[in-house]
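Architecture at a glance
Here's the letter readout for the chains.
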Amino acid sequence: MTHQRPNILWICTDQQRYDTIGALGSAHAQTPHMDRLVGAGVTFNRAYCQSPVCTPSRASFLTGRYARTTRCRQNGQQIPREERLLSRHFADHGYFCGLAGKLHLSSCANGKVEQRIEDGYQVFHWSHHPQPDWPENAYTQWLAAKGLRWEDLYDGPSTPYIKEGIPAPYHQTTWCAEKTIEFIDQNAHQPWFFSFNCFDPHHPFDPPREYLDRYRIDRMPLPKIRANEWDEKTLYQQLDHRWAHNEPGGFDVQNMREEDHRAVRAAYLAMVSLMDDQLGRILEALEATNQLSRTLLIFMSDHGEMLGDHGIYLKGPHFYEEALRVPLILHWPDGFAAGVAYDGLTELIDLAPTLCDAAGLDHHAGFRGKSLEAICHGKALAEEHRSSVFSEYYNAWTHRHAYGTMRRTQTEKIVVYHGSDDGELYDLEKDPDEFNNLWHQPDASERKMRLLKACFDSSVFTMDPMPPRLGAF
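Moving on, we come to the sheet that holds strand β12 (residues 412–417). Backbone hydrogen bonds are what pair the strands of a sheet, in a parallel or an antiparallel way. Read across the open sheet, the four strands follow the order β10-β11-β12-β13; overall the sheet is antiparallel. Whereas interior strands pair on both sides, the edge strands pair on one side only; in this sheet they are β10 (389–394) and β13 (423–427). Sheet twist, expressed as the mean angle between neighbouring strand axes with direction ignored, is 10°. Across five bridges, β12 lies against β13 in antiparallel orientation. Residue V416 lies in a different strand from β13, and its bridge partner there is G423. Across the face of the sheet, helix α13 (residues 445–461) comes into contact with β10, β11 (403–408), β12 and β13 while running at roughly 70° to β12.

Okay, the pattern of salt bridges next. With the rule as written, the count across this model stands at 38 salt bridges. The closest approach of N and O atoms between D457 and K453, which form a salt bridge, is 2.9 Å. With D457 and K453 both in helix α13 and four residues apart, this pair spans about one turn of that helix. By relative accessible area, K453 is classed as exposed at 52%. Three or more residues are tied together by salt bridges with common partners; here these are E321, R325, R408, K413 and E434.

On to the side chain of K102, then. Here K102 is to be found in the loop between β3 (96–101) and β4 (123–126). Reaching out from K102, the side chain makes a polar contact with the side chain of D14 at a distance of 2.7 Å. Filtering out sequence-adjacent residues up to four positions away, K102 remains in contact with D14, C54, R58, S127, H128, N197, C198 and F199.

Moving on: empty space enclosed by the protein. Counted under the stated rule, the structure contains two cavities of 30 Å³ or more. In this structure, the largest cavity spans a volume of roughly 110 Å³. Surrounding the largest cavity, 14 residues form its lining, P130, Y154, H171, F199 and D206 being those nearest its centre. Of the residues belonging to the lining of the largest cavity, the class tally is eight nonpolar, four polar and two charged. Lining the second largest cavity are W10, C12, R58, F61, L62, L103, Y121, S195 and N197. Listing elements by their share of the lining of the second largest cavity, those giving two or more residues are β1 (7–13), α2 (54–63) and β5 (192–197). For the lining of the second largest cavity, the element with the most residues is α2, which contributes three residues. Of the residues that constitute the lining of the second largest cavity, the class distribution is six nonpolar, two polar and one charged.

Scoring rules and cut-offs
Residues numbered from 1 in each chain as written. Predicted model: local features only at pLDDT ≥ 70, side-chain atom pairs only at ≥ 80, totals over all residues. Heavy atoms only, no water. Pairing = 2+ DSSP bridges. Helix = DSSP H or I, 4+ residues; strand = E, 2+ residues; numbered from the N terminus. Axes fitted to C-alpha atoms, helices over the stretch in contact; angles between N-to-C directions. Contact = heavy atoms within 4.5 Å. Salt bridge = Lys/Arg side-chain N within 4 Å of Asp/Glu carboxyl O. Buried < 20%, exposed > 50% of the residue type's maximum accessible area, 1.4 Å probe, protein only. Polar contact = N/O pair within 3.5 Å; in protein donor to acceptor, adjacent residues only side chain to side chain. 1 Å grid on protein atoms, 1.4 Å probe; cavity = no way out; pocket = protein on both sides within 12 Å on 5 of 7 lines; lining within 4 Å. Points joined across faces, edges and corners; volume = space filled by probe spheres on them. Nonpolar A, V, L, I, M, F, W, Y, C, P; charged D, E, K, R; others polar.

If you want it as structure tokens, here you go:
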């Protein structure tokens, strides 16, 4: 371990699935700066979020604890004040902490500004999303200082599925990068911790025109879906008895044309490319201030996006790879190996102890993650890090009565929908795209029983270790 405490730059995009980076196998993504991170950092190819929805996932990886443990299981809940965010932990150990973008650990609905706990952020440029719903939106204030209004900029042409969005110089992702660069420039003399939390590539699919023009819509692949797959969805995957969309006013997938599907994918990748260009600006700022080598940069996302695969868009109680598996790259020239990638299973809660180890900080007693530091130094095998990963969805968003847990190993996946006889069971060696649900197949009954027990074990073994045991009795 290096003796100098690194800066921590935690870049978290919103709703970016794992297969959106060129260096990680995407044949269509244009991501030269993300590719650079892959080439010079440590990449975890099988990183999984602990919930496929924003708030429970963010509460989880920001505390190093599982969603139900934080009691922040749903969008719209308030994270309890006694929960200790990693930013607070670092602030208490002498780091200067800042944020630009969203936090989303509390309700942001009906004009209510997100309430904060003692999160440790001394610089707090809050903008949950670009729309000017609140005067406290720092991005809205930034536009106003330029004499601009979001409503005037967001007036480009649209279809029922995509829209020409804000021009890149005035985009929320650009603003988020500017605030990050400002923080980097002003704090080169002290150890710092900064959270970059842009809204891209979260829906609506509305990239700037100049970014959409980078992509040939007619060359975009169609979603992965098997014939008659609509007829096999469980009730818990439906919304108002229509599972084709995940929120009121969402896409009616069965009526979309092939060109509509291709256009959405192009728009989504265009939003990723905008993020990539802003990442390039941030890397330049780190280099210009001689901080790149001593900054531990984490690039990741809170959860994925179905993007039409399996006939589903957006997010919800879905435990497919597209919803759960996210990019995870750790880049630290002074401290970690460079240009290595691992296929071992990883959970996002593993970041909390990893960052503490990198900075020489103690672990909070409530952590449930397992540090990746030894793997990043090449001193441990990623394949031995975890035998399984665990994810949860408990009435978390639009699907009001869906309660599900998922356990995945390298070769199998089980999804249990609680309070029903529905579920999913996949042999990932024979069926990596998760098309053949074995849940109701008689010849899979023994496997199902074995994995049901394993999933129940995961629920038990991920319980909250707090409060600590103080004595024998």
